[in-house]
Amino acid sequence: MTLRIGLIGASRIATTAIIAPAAGRSDVQVTAVAARDPERARAYAATHGVPHVAADYASLIARDDVDLVYVGLPPAGHAAWTIAALEAGKPVLCEKPFARDAAEAQAMVEAAGRTGQVLIEAFHYRFHAVMDRALALVRSGALGALQRAHAVFQVPIPKDIDDLRWRADQAGGALMDLGCYPLHILRTLIGAEPEVLSAQGVFDNGVDAAMSASLAFPGGVEAQISCSMIPDAPGAVAVLEGSEGRLEIINFIAPQIGCRMTATIRGETQVLPTDGPTTYEAQLDHVLDVLAGRAAQITGGADAIANMAAIDAIYRAAGRP
């Protein structure tokens, strides 16, 4: 059986997250796309070989040849169109960050429960084998009692008022676009929810160009996250330290373009394998497995609500309006 995917939003991320991994499969087909500007949608479809263009988002959701809706809009549009798709009887893969805030995330998850449809958050890094191996190491107890952790994701993003990441009305900002990742990986690896102790942001054009926060996890684990759209150089690193050892993952976001994961246990350092399919291929595999009943989903639901709640708390601590 072929999974037919409809794209809400003629977005750059959809080409990487959906179109590219689907192209190499016989069991997945991107059948339709919709955008706010129909002409843009037609150009996008022609460029990427999408056979159909829907007149608008509602029309795409209603199509009989769409089995799964991918919501690749700016965060400001996630809740409304995710809920609309769910209520139309379609499962949804929604891009990160899940929503504008925890209240929207809660409404989205409730809609999934009410309709009995699958709703997965597209945290693509989470589905890679690197995360499976990191989780297995932490859960084995090899690091001992966790004590400290930190994670960072920073990417220079030129300031452009047409770029959703620099627009407050589209729920842009460094924490939403980038910081959601270091927050999510620490929550995932530590396996608990943090208290936000403090946060500091650099604000520009109504959004946070950079953000850092100090967190406290249960059991006395001290943690820091940081993100920036204005760094000197890109970077993505996650580190966990315990009483017996240390885990470091360099480029946990996209291991397929280069990653180094090391575990130092009682003074002995081991380089751990980082091979596997791309994060987006692994994400699509997971979606298919969940829809077929072969796997339980590992993003979305309570996890998505909790990540947005922590983001909300960081913004409050940083004094963002």
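Anything mentioned here points back to the structure above.
All residue numbers refer to positions counted from 1 along the written sequence of the respective chain. It should be noted that, the model being predicted, local features are given only for residues of pLDDT at least 70 and side-chain atom pairs only at 80 or more, the latter also being counted only at that level, while totals for whole chains, interfaces and linings use all residues. Calculated side-chain values reflect all of the structure's heavy atoms, with hydrogen atoms and water omitted.

A. Representation of the pairing of strand E11 (residues 235-242). Strand pairing requires that DSSP identify at least two bridges connecting the strands. Only DSSP runs of H or I with at least four residues qualify as helices, and only runs of E with at least two residues qualify as strands; both kinds are numbered from the N terminus onward. Across eight bridges, the pairing between strand E7 (residues 146-154) and E11 is antiparallel. Bridging from a neighbouring strand, Gln154 pairs with Gly235 of E11. Pairing analysis gives five bridges linking E11 to strand E12 (residues 245-250), with the strands arranged antiparallel. Residue pairing across strands places Val237 opposite Ile250, the latter belonging to E12. Between E11 and E12, which follow one another and run antiparallel, lie two residues.

B. Highlighting the sheet that holds strand E8 (residues 195-204). What the eight strands build is an open sheet, ordered E8-E9-E10-E7-E11-E12-E13-E14; its pairing is mixed. The two strands at the open ends of the sheet, each matched to only one other strand, are E8 and strand E14 (268-272). Averaged over neighbouring strand pairs, the angle between their axes works out to 10° when direction is ignored. Judged from the five bridges that link them, strand E13 (residues 260-265) and E14 form a sheet pairing that is antiparallel. Bridging from a neighbouring strand, Ile265 pairs with Glu268 of E14. Docked against the sheet, helix H7 (residues 174-190) engages E7, strand E9 (207-217), strand E10 (221-228), E11 and E12, running at close to 155° with respect to E10. Orientation is described by axes fitted as lines to C-alpha atoms, over the contacting stretch for helices, and by angles from 0 to 180 degrees between their N-to-C directions. The criterion used for residue contact is that any of the two residues' heavy atoms lie within 4.5 Å.

C. Spotlight on the pattern of salt bridges. Salt bridges are defined by distance alone: a side-chain nitrogen of Lys or Arg within 4 Å of a carboxyl oxygen of Asp or Glu. Overall, the coordinates contain 20 salt bridges when judged by the stated rule. Arg25 is the salt-bridge partner of Asp285, the closest N and O atoms lying 2.4 Å from each other. A residue pair is termed long-range when its members are at least 10 positions apart, and Asp285 in helix H8 (residues 279-291) and Arg25 in the loop between helix H1 (12-23) and strand E2 (28-34) qualify at 260 residues. Among the residues examined, Asp285 registers a relative accessible area of 31% and is labelled partly exposed. Between Lys159 and Asp204 there is a salt bridge whose closest N-O contact spans 2.8 Å. Residue Lys159 is located in the loop between E7 and H7, and its partner Asp204 is located in strand E8; the two are separated by 45 residues in the primary sequence. Here the term buried applies to any residue with accessible area under 20% of the maximum for its type, exposed to any over 50%, and partly exposed to those in between, with areas from a 1.4 Å probe on protein chains only.

D. Looking closely at the layout of surface pockets. The volume enclosed by the largest pocket comes to roughly 1,200 Å³. Residue lining of the largest pocket: 46 residues in total, with Ser11, Arg12, Ile13, Leu164 and Arg165 positioned closest to the centre. Examining the composition of the lining of the largest pocket, we find that four residues originate from one element, H7, more than from any other. Across the lining of the largest pocket, the residue classes break down as 22 nonpolar, twelve polar and twelve charged. Using only the protein atoms, space was sampled on a 1 Å grid; points where a 1.4 Å probe fits but cannot get out form cavities, open sets with protein on both sides within 12 Å along at least five of seven lines form pockets, and lining residues are those with an atom within 4 Å of a point. Grid points are joined across faces, edges and corners, and a volume is the space filled by probe spheres set on the points. Under the scheme applied here, ten amino acids are nonpolar (Ala, Val, Leu, Ile, Met, Phe, Trp, Tyr, Cys and Pro), four are charged (Asp, Glu, Lys and Arg), and all others, including Gly, are polar.

E. Molecular detail of the pairing of strand E6 (residues 119-122). The alternating pattern of E6 places Leu119 and Glu121 and Ile120 and Ala122 on opposite faces, both of which are buried. Where strand E5 (residues 92-95) lies against E6, four bridges are found, and the strand directions are parallel. Its bridge partner lying in E6, Cys94 is registered against Glu121.

F. Quick peek at unusual backbone geometry. Of note, the bond from Lys96 into Pro97 is cis; its omega dihedral lies within 30 degrees of zero at -15°. By secondary structure assignment, the location of Pro97 is in the loop between E5 and helix H5 (102-115). We note that Ala171 has phi near 65°; this positive angle belongs to a residue other than glycine. Here Ala171 lies in the loop between E7 and H7. On the accessibility criterion, Ala171 (9% relative accessible area) is buried.

G. Structural context of helix H2 (residues 38-48). For H2, every residue scored as buried is listed here: Ala41, Tyr44 and Ala45. Viewed along the axis of H2, the buried residues span an arc of 100°, placing them on a single side of the element. Away from its buried face, by an angle of more than 90 degrees, H2 presents the exposed residues Ala46 and Thr47. Taken together, the buried residues of H2 touch strand E1 (3-8), H1, E2 and strand E3 (52-53). Any N or O atom pair separated by 3.5 Å or less is treated as a polar contact, with the protein-specific requirement of one donor-capable and one acceptor-capable atom, and with residues adjacent in sequence counted only for side-chain atom pairs. At the N-terminal end of H2, a side-chain oxygen is found 3.0 Å from the backbone nitrogen of Glu39, two or three residues along, and the residue is Asp37. Picture the helix axis, draw a direction to every C-beta atom, and the arc is the one those directions span.

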